[in-house]
Each structure stands twice: as C-alpha cells, then as structure tokens.
Amino acid sequence: MNGQNKRARKGTLAGPAAPLDRVLALASPYNSSLLLLIVFFLVTMVGLFVIRDLHATNVEAQKMYAGSVQGLQRIGELQYEVQETRRSTFYALTTNDSNLQLEYADQSREADRLVNEGISEYLRQARMPHEIEVGRRLQLDWSGYLGVRNEVLASILEGSTKEAVNLDLKGGVPSFERVRQDLQEIKRLYDEQASQQLANVAATSRRTIFRLIGVLGITLALASASVWAIQRSKMLGAIQLAKLQMEFVASVSHELRTPLAVISSAADNIADGLVGGKDQLKRYGSAIQNQCRQITELVNQILLFASTKEGKNRYTLRPLQVSRIIDAVLDNTAELVQEIGFVIERRIESGLPCVMGDLSALSQCLQNLIVNAVKYSGESRWIGIRAFVHDSEERSCKEIRITVQDRGMGIDRLEMPHIFEPFYRGAAVMAAQIHGTGLGLSLAKSIAEAMGGTLSVVSELAVGSIFTLHLPIVEKQESEMASVTSKPDPSIRT
Ligand code: ADP
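Now for a quick tour of the structure. This structure is a prediction, so every number in the text was calculated from the model and none was measured.

Notes on the overall build of the protein
Argument step 1. Of the regular secondary structure elements, the protein holds twelve helices and seven strands.
Argument step 2. By residue count, 37% of the 494 residues in the protein fall in the buried class.
Argument step 3. Partitioning the contacts of the protein with sequence separation of at least 6, the portion at a separation of at least 24 is 76%.

Here it is as structure tokens:
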C-alpha cells in the first residue's frame with residue numbers, strides 16, 4: 001500500500017507540465033491572492049506608463065496649439081492691423097474732408113499701435129534664432145514704414161495731397177512691401193512649425209495607441225495566465241487532497257488492522273485454551289491492553305482532528321506553569337518512551353513566567369511532538385526537551401519557547417512547507433513503513449495557534465529536528481495568581 005501511495009504521489013506531478021505544477025503546488029497556499037496581486041501590480045505599472053504617455057501627447061498637443069495655432073492666429077491679426085494702418089492712410093489720401101482726414105489719420109495710428117504691440121508679443125514668444133531674426137527685421141521695417149507713413153499723414157493734414165501721394169509712392173510702397181514680406185516669412189515659419197508639431201503629435205498618438213493595444217494584450221494574457229494558474233493549482237490542490245485522504249484511509253486501516261490482528265489472535269489463543277498459567281495469561285492481557293491503547297489513541301486523534309476542523313473544540317485558557325505542562329506530557333508518554341529505551345533530557349529554565357493555555361490541549365500538542373521524535377529517531381535513542389524565555393523580535397515581546405529535539409532522520413527541505421498540512425506524510429517515512437496518519441503536526445499546530453502561539457521547525461536530513469512551540473507570556477498579575485495555586489518550579493532539572 002505504501003509503495004502504491006509513493007507511486008501515486010510521484011505520478012500526479014509527472015509529465016511535461018511537472019516543473020510548473022510543482023511550483024504551483026508549492027505556491028498553492030498563497031496562489032490566488034499572490035498571483036492576483038502580481039497581476040494587479042504589473043497592470044498598474046504598465047497602466048501608469050500609458051497614462052504618462054497619454055499625458056505627454058496631451059501636453060504636446062497643447063503646446064502645439066499654444067505655439068503654432070495661436071501664433072498663426074496672432075500673425076493673422078497682425079497682418080490685418082498692418083493692412084488697417086495702410087488702408088486708413090489711403091482713405092485719408094482719397095478724401096478732401098479735413099475732418100475725415102483727421103479721423104483716418106487717428107485710425108491709422110491706432111492700428112499701428114496694435115501692430116507694434118503684436119510685434120513685441122511675437123518677439124517675446126520667439127525662441128528660435130531665425131524667428132528672432134525675422135521678428136527684429138519686421139520691427140525695423142515696420143518702423144521704417146511708419147516713418148514714411150507719418151510724413152504722408154503730415155502732408156495730407158497740411159493739405160498737400162499730391163506731395164503725400166508722391167511720398168507714399170516713393171517710400172511708402174517699397175517699405176510696406178518689405179513689411180508684407182516679413183509677415184509672409186513669419187507666417188511661413190509658423191506653418192512649418194505647426195506641420196512639424198502636428199507630425200509629432202500624430203507620431204506620439206500612434207505610439208500611444210500601440211502601447212495601449214500592448215497593455216490590453218498583456219493584461220489579457222496575464223489575466224488568462226492567472227485564471228489558468230489558479231484553476232490548475234486548485235485542481236492540483238483538490239487532487240492532492242483526495243490523494244492524501246486516500247493515503248490517510250489506507251494508513252488508518254493499516255494502523256487498525258495490526259493491533260486488531262494481535263488482539264484477535266490473542267483472544268483466539270485464550271478461547272482455544274492454548275494459554276496456560278497465570279503468567280502467560282497476564283502477558284496476553286497486557287498485550288491486548290497495549291493494542292487497545294494504540295487503537296484508542298488513533299481514534300482519539302482522528303476525533304480531535306475532526307472536532308478541530310469543525311471548530312468544536314472549547315479550550316479553557318488559564319495561566320499554566322510550563323513545568324506542569326511538560327510533566328503532564330512526560331507522564332503520558334513515559335510508558336512508550338521507557339519501553340523502547342529512550343533517554344529524555346529535560347531542561348527547564350528556572351523562574352519561567354506562566355503561559356496562558358489549556359493544559360490538556362498543550363499536553364496533546366507536545367505529546368504529538370514527542371511521539372514523532374520517538375517514531376522518527378531511527379537509531380538514536382535521545383530526545384531533548386527545553387523550555388526558556390525568548391525575546392521575540394517578530395512579536396516585539398517576550399515569549400516562552402518549548403523545544404522538542406531529536407537526532408533522528410530529519411526532514412527534507414522540500415517537504416518542510418507541507419508537514420503541517422493535514423494528512424501529509426513524508427516520502428521517506430512512508431518508504432520506511434513507519435506508521436502514522438499525517439495528523440499529528442497539523443493538530444499540534446492548530447492547538448498552538450488556538451493558544452495564541454505558533455509552532456515552528458528547524459530540521460536537517462540525517463542530523464535531526466527541533467520543533468519549537470512559541471507561547472505568549474501571561475501578564476504578571478495572572479502569573480502570580482497561578483503560582484499561588486501550583487507548586488514552584490525547580491531550577492534546571494536534567
Ligand atoms: P505522521 O507522523 O502521522 O506521519 P505528522 O503530522 O505528525 O504525521 O507528521 C507529518 C510528517 O512530518 C511525517 O510524516 C514526517 O515526514 C515528518 N515529521 C514529523 N516529525 C518529524 C521528526 N521529528 N523527524 C522527522 N520527520 C518528522
């Protein structure tokens with residue numbers, strides 16, 4: 001049966017997906033939340049990257065609008081005001097009404113003020129050397145034209161329209177043409193800039209679209225991979241559990257069959273009158289007693305496990321002296337330990353504070369550890385039990401530690417994460433046909449946790465194992481109450 005179990009254990013993880021399955025099986029206690037957390041983290045990171053990209057595109061588009069589109073708009077206004085300045089001068093030339101001439105001259109001056117403002121604004125915005133150069137040229141050409149325009153206006157207002165026309169034809173037309181060309185040049189520059197920036201924005205938004213598609217793809221792939229991994233690890237977990245339960249049923253049947261066979265053959269011998277004499281009868285009686293005790297312990301452990309799983313266990317927590325718990329355990333296991341010639345080295349630090357717990361539950365917890373130490377000690381016949389106070393960094397407080405140490409076969413590093421799982425049995429112990437149900441450590445761990453503590457293990461193959469029960473220390477007042485009702489601890493006892 002053990003051979004079959006071993007084969008079944010190997011068979012589940014065989015095939016091409018085996019390494020991945022092993023990883024999934026190892027990660028299974030944390031898989032769903034861990035995987036989802038990683039996916040969430042990755043998607044958030046990529047999402048942030050895309051948001052940054054979108055933001056950059058947005059800023060680029062805004063810059064383009066502010067730089068080129070608004071610039072083009074300003075140049076349009078400038079061109080209009082320049083034309084307005086010239087147009088008003090023309091109107092002044094074409095009328096003989098002095099009032100109208102005055103009004104047109106004012107209109108021309110107002111327009112040229114706006115042009116000057118526009119040119120200054122343009123120069124303030126200009127960044128590129130060529131832009132600045134054209135801007136300065138425009139400023140110069142415009143003031144050149146204004147000089148002629150002022151002379152023309154003065155002649156008109158003095159009544160010499162003919163002279164004004166001559167002045168305009170000679171100086172005004174060519175200088176205005178220069179201004180017009182400058183404005184054309186500036187407009188061309190803006191056009192160039194606008195199309196360049198438009199191309200940039202188009203490229204950035206194209207890039208963003210690709211990235212967005214990438215993110216969606218990655219998200220979809222990651223989400224599918226996670227769902228697949230979660231489903232697979234759940235399936236593996238279910239298969240593993242079913243397998244462990246089958247192994248458990250096989251182990252329990254085996255554990256029951258052996259003592260039952262002994263009891264049955266002893267009973268047969270007695271019934272058939274094959275047992276003669278008081279001594280022989282006594283031996284048979286004690287053999288039956290032993291086997292009954294084994295069966296009772298097995299059944300008790302299974303019942304305890306079932307009640308723990310159903311949350312039916314009601315523990316009575318009270319301050320307990322550590323030595324009292326250890327003595328109770330040693331009393332319970334004395335027969336087993338002495339029978340096979342084990343030495344138990346017992347070291348309890350003097351003046352230990354009390355722990356809060358249920359005496360029978362804690363005894364059961366330590367008893368499971370001692371029974372394991374006995375079962376898995378191999379040739380070594382030594383078990384060490386220590387109790388001491390430890391400054392726990394993790395819990396940032398003091399705690400009591402009770403360790404059960406053996407110098408036996410030790411535990412494989414790969415099996416360490418599983419030994420506290422219900423029904424789990426190590427491959428080596430199954431190969432060695434050492435009997436068990438795979439419930440001892442799971443029970444011990446549940447009890448430790450129910451007492452507000454933990455159970456940890458350090459082990460090395462062929463060197464041995466140290467199981468440590470960590471228990472919180474009871475407040476001083478409660479501890480004093482307990483010491484009144486119980487006898488004091490001896491110092492170190494060996
Ligand atoms: P069981 O002893 O019935 O198999 P446990 O839950 O008590 O079940 O232990 C689970 C597994 O942990 C064991 O099958 C064994 O592989 C390993 N183990 C527990 N205690 C020891 C120990 N002291 N030394 C070596 N291996 C151990």
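Points about the packing of aromatic side chains
Argument step 1. With the rule as written, the count across this model stands at six aromatic pairs.
Argument step 2. Aromatic side chains Tyr91 and Tyr104 sit 5.2 Å apart centroid to centroid with 55° between the ring planes, which places their arrangement in the tilted category. Separated by 13 residues along the polypeptide, Tyr91 in helix H3 (residues 31-94) and Tyr104 in helix H4 (residues 98-125) bring together distant segments of the chain.
Argument step 3. Note on Tyr104: relative accessible area 18%, which makes it buried.
Argument step 4. Relative to Phe423, the ring of Phe305 lies with its centre 5.5 Å away and its plane at 65°, an arrangement referred to as edge-to-face. Of the two residues, Phe305 is situated in helix H7 (residues 278-309) and Phe423 in the loop between strand S5 (397-406) and helix H10 (427-431); the sequence distance between them amounts to 118 residues.

Quick word on the site of the ligand
Argument step 1. Taken together, the neighbourhood of the ligand is formed by 20 residues, with Asn372, Tyr376, Arg425, Thr437 and Gly438 sitting nearest.
Argument step 2. A distance of 2.8 Å separates an oxygen atom of the ligand from a polar side-chain atom of Asn372.
Argument step 3. Ser465 is positioned with one of its side-chain polar atoms (N or O) 3.5 Å from a nitrogen atom of the ligand.
Argument step 4. Considered on its own, the ligand offers 530 Å² of accessible surface; in the complex 98% of this is hidden by protein.
Argument step 5. Looking at the shell around the ligand, the elements with two or more residues in it are helix H9 (359-375), helix H11 (440-450) and strand S7 (464-472).
Argument step 6. Its residues placed into classes, the shell around the ligand shows nine nonpolar, eight polar and three charged.

A few points about the side chain of Arg425
Argument step 1. Tracing the sequence through the fold places Arg425 in the loop between S5 and H10.
Argument step 2. Arg425 gets classed as buried once you look at its relative accessible area, which sits at 7%.
Argument step 3. At a separation of 3.0 Å, a polar atom in the side chain of Arg425 contacts the main-chain carbonyl oxygen of Ile434.

Digging into the pattern of salt bridges
Proximity of charged atoms lets side chains of opposite charge pair with each other.
Argument step 1. Taken as a whole, this structure holds 17 salt bridges when the rule is applied.
Argument step 2. Here Arg149 ties to Asp112 by a salt bridge, and the two come within 2.7 Å at their closest N and O atoms. With Arg149 in helix H5 (residues 129-158) and Asp112 in helix H4, this pair connects stretches of sequence that are 37 residues apart. Of the two residues examined, Arg149 and Asp112, each falls in the buried class.
Argument step 3. The residue Glu449 makes a salt bridge to Lys445 at a minimum N-O spacing of 3.2 Å. Taken together, the residues Glu449 and Lys445, both in helix H11 and four residues apart, mark about one turn of the helix.
Argument step 4. On the accessibility criterion, Lys445 (28% relative accessible area) is partly exposed.

Focus on the side chain of Thr437
Argument step 1. Along the chain, the position of Thr437 falls in the loop between H10 and H11.
Argument step 2. Within polar-contact distance, the side chain of Thr437 engages the backbone nitrogen of Leu439 at 3.3 Å.
Argument step 3. The contact partners of Thr437, leaving out residues within four places of it in the chain, are Phe248, Val252, Leu298, Gln301, Phe423 and Arg425.

A look at the nonpolar core
Argument step 1. Counting 49 residues, the largest nonpolar core has Ile326, Leu366, Ile370, Ile402 and Leu469 as its most contacted members.
Argument step 2. The leading source of residues in this core is H9, at nine residues.
Argument step 3. Setting aside residues up to four positions removed in sequence, Ile370 forms contacts with Val329, Leu330, Thr333, Val337, Ile383, Ile385 and Val404.

Points about helix H6 (residues 161-271)
Argument step 1. For H6, spanning 111 residues, the distance from its first C-alpha to its last is 154 Å, which sits close to the expected 165 Å at 1.5 Å a residue.
Argument step 2. At Asp168, H6 shows its largest kink, close to 40°.
Argument step 3. Looking one or two residues beyond H6, the residue adopting positive phi is Gly273, at roughly 75°.

Rules used throughout
- Residues numbered from 1 in each chain as written.
- Predicted model: local features only at pLDDT ≥ 70, side-chain atom pairs only at ≥ 80, totals over all residues.
- Heavy atoms only, no water.
- Helix = DSSP H or I, 4+ residues; strand = E, 2+ residues; numbered from the N terminus.
- Buried < 20%, exposed > 50% of the residue type's maximum accessible area, 1.4 Å probe, protein only.
- Contact = heavy atoms within 4.5 Å.
- Phe/Tyr/Trp six-rings, centres within 6.5 Å; stacked < 30°, edge-to-face > 60°.
- Near = heavy atom within 4 Å.
- Polar contact = N/O pair within 3.5 Å; in protein donor to acceptor, adjacent residues only side chain to side chain.
- Areas by Shrake-Rupley, 256 points an atom, 1.4 Å probe, with all protein chains shown as cover.
- Nonpolar A, V, L, I, M, F, W, Y, C, P; charged D, E, K, R; others polar.
- Salt bridge = Lys/Arg side-chain N within 4 Å of Asp/Glu carboxyl O.
- Core = buried A, V, L, I, M, F, W, Y, C linked by side-chain atoms within 4.5 Å.
- Expected span 1.5 Å × (residues − 1).
- Bend = angle between axes of the 7 residues up to and from the residue.

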